[in-house]
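Take a look at the letters that make up each chain.
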Amino acid sequence: MINRRHFLTTVAVGTASAAALAACGTGSSSSGETGSADNPVTINYTWWGNDDRAERTRKAIALFESKNPDIKVNGNFTDFPSYWQKRATEAAGGGLPDVMQWDLSYLRDYGQRNQLLDLGTVNINTDAFEKSLLPSGQIRGKTYGIPTSTNAFAVYYDPAKLASLGIAEPDGTWTYKEFNQFLTEVGSKSNGALFGSTDYTGVWWMFNIWLRQNNIQAFTEDGKLGFTKDDLKKWWNLTADLRGTPAIISEERVTQLKPKSPLGSNVTVSEVTWDNFMAGYLGDSGAKELKLVPVPSDDPDNLGLFLKPSMLMVASAKTKFKDAAARFIDFMVNDPEVGQIFKTSRGVPASKTQRDGTTFEGTDKLVVDYEKSIEQYLKDAPEPPIVGFGTLEASFGRIASELNYGKVDVNGATDAWFKEAEDLIKQNG
């Protein structure tokens, strides 16, 4: 279990800056690996996110350049889906950017194909990181990613909406049956004006938590599925009686509300997702407050919760500027001022050095306090998922949406997803 006593004492979050992305993957400088204030080396950095993250990131980049005048950072960002399309195109052409924000879902895909730099070969200080968290960035003994921050799963709810319906606030000690009853009560008492939540069984990471609650591995060490079709059927059947009722919002309605979420659109009372989405939900909904409690579990001693790197920092295996890339990564994950820039917008900072340099108030404090409240239930972070996991996660959500639409039943949905999974595993085996 992760020791969180000092991990949650304080929290920080970072931000960066950028111009336009120069030629991908190699950076530029006439002086080779070593630059100077008069002739700095140039590295390219890319990340995904919204305008708020871009603003914070530009500030962090400007701060880095002021402290490292021999290095210039050119930055670029896009939305999450487009981000991975661009990386796939660049990787195929051999030109990934020097430094990249990364997601755990794609680490093994690129790491095992020798497209990412082994960060154990460069100078990055990880002394301030929880040792049980670092394996999430490692593959076969090599470190390809350094966590910037962490997040955990939670149930969000709007206390004002519950009060208006005469429903007591939950304390987070609930079984799946009790959670479903809560969602049903919301839909019933609001006469359909509000929905309980989205269909939580359509979220891969919530399924992963349910597997952990039942002591089942998502994936085996040799890259195979660790669960059966019956396991997935049990999962998707958990909300079978709620689909098509006001307990959970329909996929059609969810699509109509985009780009806002149902909770951010004030159409649902709760949502099951990562805790670092708090600021976005509050901003979209205009709610006075939202609260966080643990996810349901049929075993009160095993909530299946863990700290997941909300994102990692990686470098291209082909970068010409390993030292500059390493210094930038070290700065982004450890520098206290970077923590003060980002607060918890990327999640709770993974480095204690960065956390200790940050003051948490308001929304940021809510996230920190939630993770402190679940400290006793946290287990080790998962290792990087199998090659192709990003595709499997996307297909999990897509097939679950078809289930919600009523286009397929649980048996058909399970067969469809397993076929895609087994084909992908065979292809990458």
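Remember, predicted model here, so these are calculated numbers, not experimental data.

Procedures and definitions
Residues numbered from 1 in each chain as written. Predicted model: local features only at pLDDT ≥ 70, side-chain atom pairs only at ≥ 80, totals over all residues. Heavy atoms only, no water. Helix = DSSP H or I, 4+ residues; strand = E, 2+ residues; numbered from the N terminus. Buried < 20%, exposed > 50% of the residue type's maximum accessible area, 1.4 Å probe, protein only. Lys, Arg positive; Asp, Glu negative; His and termini not counted. Salt bridge = Lys/Arg side-chain N within 4 Å of Asp/Glu carboxyl O. Polar contact = N/O pair within 3.5 Å; in protein donor to acceptor, adjacent residues only side chain to side chain. Core = buried A, V, L, I, M, F, W, Y, C linked by side-chain atoms within 4.5 Å. Domains from an automatic or database assignment. Contact = heavy atoms within 4.5 Å. Buried area = accessible area lost by both parts, 1.4 Å probe. Pairing = 2+ DSSP bridges. Axes fitted to C-alpha atoms, helices over the stretch in contact; angles between N-to-C directions.

## With respect to unusual backbone geometry
Okay, step 1: Between Lys258 and Pro259 the backbone carries a cis peptide bond, its omega angle lying at 15°.
Okay, step 2: By the element assignment, Pro259 lies in the loop between α8 (251-257) and β8 (270-274).
Okay, step 3: Its identity is not glycine, yet Arg140 carries a phi of approximately 50°, on the positive side.
Okay, step 4: Along the polypeptide, Arg140 turns up in the loop between β4 (138-139) and β5 (142-143).
Okay, step 5: Here the phi dihedral of Asn215 falls at roughly 55°; this positive angle occurs in a residue that is not glycine.

## Focus on the side chain of Asp98
Okay, step 1: Inspection of the secondary structure puts Asp98 in the loop between α2 (80-93) and β3 (99-102).
Okay, step 2: Comment: no salt bridge for buried Asp98; closest opposite-charge side chain is Lys320, at 8.8 Å.
Okay, step 3: Engagement of the side chain of Asp98 in a polar contact is seen with the backbone nitrogen of Asn44, the distance being 2.9 Å.
Okay, step 4: Here Thr319 takes part through its side chain, which lies 2.7 Å from a polar atom of the side chain of Asp98.

## Remarks on the nonpolar core
Okay, step 1: Counting residues in each nonpolar core, the largest one holds 86 residues, and the members touching the most others are Trp102, Trp204, Trp235, Trp236 and Trp417.
Okay, step 2: Among the domains, domain 1 (41-151 + 309-377) and domain 2 (153-307 + 384-428) are the pair contributing at least three residues each to this core.
Okay, step 3: Apart from the residues within four sequence positions on either side, Trp102 is in contact with Trp48, Tyr83, Trp84, Arg87, Leu107, Tyr110, Leu116, Met311, Leu312 and Val314.

## Considering the domain arrangement of the chain
Okay, step 1: Assigned domains within the chain: domain 1 (41-151 + 309-377) and domain 2 (153-307 + 384-428).
Okay, step 2: On a C-alpha basis, the centres of domain 1 and domain 2 stand 27 Å from each other.
Okay, step 3: Domain 1 puts 28 residues into the contact, and the matching count from domain 2 is 28 residues.
Okay, step 4: Taking both partners together, domain 1 and domain 2 bury about 2100 Å²; carbon and sulfur atoms supply 62% of that area.
Okay, step 5: The three residues of domain 1 that bury the most area against domain 2 are Asn151, Tyr370 and Tyr377, which together make up 34% of that side's buried surface.

## Quick word on the sheet that holds β8
Paired through their backbone hydrogen bonds, the strands of a sheet run either parallel or antiparallel.
Okay, step 1: With antiparallel pairing, the three strands of this open sheet are ordered in space as β8-β7-β9. The open sheet is flanked by β8 and β9 (291-293), the only strands paired with a single partner. Strand after strand, the sheet turns through a mean of 35° between neighbouring axes, direction not considered.
Okay, step 2: Two strands pair when backbone bridges link them, and strand β7 (residues 153-157) and β9 are joined in this way by three bridges, in the antiparallel orientation. When the sheet's bridge partners are listed, Tyr156 is paired in β9 with Leu292.

## Comments concerning the sheet that holds strand β6 (residues 146-151)
Okay, step 1: If you walk across this open sheet you meet the six strands as β2-β1-β3-β10-β6-β11, and the pairing is mixed. Edge strands, defined here as strands with exactly one partner in the open sheet, are β2 (71-78) and β11 (348-349).
Okay, step 2: Two strands pair when backbone bridges link them, and β6 and strand β10 (residues 308-315) are joined in this way by five bridges, in the antiparallel orientation. The residue bridging Pro147 from the neighbouring strand is Leu312, located in β10.

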